[in-house]
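Now for the letters of each chain:
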Amino acid sequence: MKYFFVLLSIMLGLAGCTPDTRTDDYRSVLLPIETIDLPAKFKVDSISVITIHYKKPNTCNLFNGFYYSKSEMTRTVAINSVEMLNSNCLTDNTIIDVSLKFQPQQSGDYTFKFWQGTSTAGTDNFLTNVIHVEP
C-alpha cells in the first residue's frame, strides 16, 4: 500500500511538470448594440431590467457579459463577447436579447450610452438615452 502511494505521488509530480502546449484559442471582443427596450419607470433602489438586442456575427461568438463603465451619472454599455479562434465559424447574424439589470442608488437623470460600433473614421458611435430615476 505504501508503494502505491509513492508511485501515485511520483506520477502526479511528473504530470505537473509537463510543459503546457495549449495556446490561447479565444479572444475577448466588444459587439455593438442594435436596439434597446427601456422600462417606463425607474425608482431608486429598485432593480429595472433593460433589454438589449445585439447581432451575433458568427457561430464562434459567445456572450460573456457586459462592458459597463460608470462615471458620475453616465453609464457606458457594450456587449462583451468571447470569440473562439481556430474554429470553423459560420456567419450567424442572429439577433440576441440579453437583460441588463440596473439598480440606481440616487434619483436624477442618468445618461446611458449604448455602444453601436465604430465609424469608418474610427469614432465610437453611441445610442444615447437619458433615464429619469424617481426617488
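Above this text you will find the structure in question.
Residues numbered from 1 in each chain as written. Predicted model: local features only at pLDDT ≥ 70, side-chain atom pairs only at ≥ 80, totals over all residues. Heavy atoms only, no water.

Visitor: I'd like to hear about the state of the cysteines, residue by residue, with values.
Guide: Scanning the entire structure with this criterion turns up one disulfide. Two residues, Cys-60 and Cys-89, share a disulfide whose sulfurs are 1.8 Å apart. Its torsion about the S-S bond being -105°, the disulfide of Cys-60 and Cys-89 is classed as left-handed. Of this pair, Cys-60 sits in the loop between strand 3 (48-58) and strand 4 (61-71) while Cys-89 sits in the loop between strand 5 (74-84) and strand 6 (91-102), placing them 29 residues apart in sequence. Judged by relative accessible area, Cys-60 falls into the buried class, the value being 4%. (Disulfide = S-S within 2.5 Å. Helix = DSSP H or I, 4+ residues; strand = E, 2+ residues; numbered from the N terminus. Buried < 20%, exposed > 50% of the residue type's maximum accessible area, 1.4 Å probe, protein only.)

Visitor: Before we move on, can you summarise the side chain of Asn-61 with the specific residues and values?
Guide: You can see Asn-61 is positioned in strand 4. On the basis of relative accessibility, which here comes to 4%, the residue Asn-61 falls in the buried class. Of note is the side chain of Asn-61, whose polar atom sits 3.1 Å from the side chain of Ser-81. Beyond its immediate sequence surroundings of up to four residues, Asn-61 is in contact with Val-29, Leu-31, Lys-56, Ser-81, Val-82 and Glu-83. (Polar contact = N/O pair within 3.5 Å; in protein donor to acceptor, adjacent residues only side chain to side chain. Contact = heavy atoms within 4.5 Å.)

Visitor: With reference to specific residues and values, describe the sheet that holds strand 2 (residues 33-37).
Guide: The strand order across the open sheet built from three strands is 2-3-6, with neighbouring strands paired in antiparallel fashion. Lying at the two open borders of the sheet, with one neighbouring strand each, are strand 2 and strand 6. Neighbour-to-neighbour, the strand axes of this sheet turn through a mean angle of 20°, independent of strand direction. Taken together, the ten bridges between strand 3 and strand 6 define a ladder with antiparallel strand orientation. The residue bridging Thr-51 from the neighbouring strand is Ser-99, located in strand 6. (Pairing = 2+ DSSP bridges. Axes fitted to C-alpha atoms, helices over the stretch in contact; angles between N-to-C directions.)

Visitor: Account for the environment of Val-29, naming residues and giving values.
Guide: Within the secondary structure, Val-29 is located in strand 1 (residues 26-31). In sequence terms Val-29 and Asn-64 are 35 residues apart; their C-alpha atoms lie 9.5 Å from each other. When residues no more than four places from it in sequence are discounted, the contact partners of Val-29 are Asn-61, Ile-79, Asn-80, Ser-81 and Glu-83.

Visitor: Can you lay out the packing of aromatic side chains for me, pointing to particular residues and giving the numbers?
Guide: Each aromatic ring pair is described using two quantities: the centre-to-centre distance and the angle formed by the ring planes. Under the criterion given, the structure shown has six aromatic pairs. When the centroid spacing of 6.0 Å and the interplanar angle of 65° are considered together, the rings of Phe-42 and Phe-102 count as edge-to-face. Linking Phe-42 in the loop between strand 2 and strand 3 with Phe-102 in strand 6, this pair joins segments that are 60 residues apart in sequence. The buried category is assigned to Phe-102, whose relative accessible area is 3%. Within the aromatic cluster, the residues linked to one another by ring pairs are Phe-42, Phe-102, Tyr-110, Phe-112 and Phe-114. (Phe/Tyr/Trp six-rings, centres within 6.5 Å; stacked < 30°, edge-to-face > 60°.)

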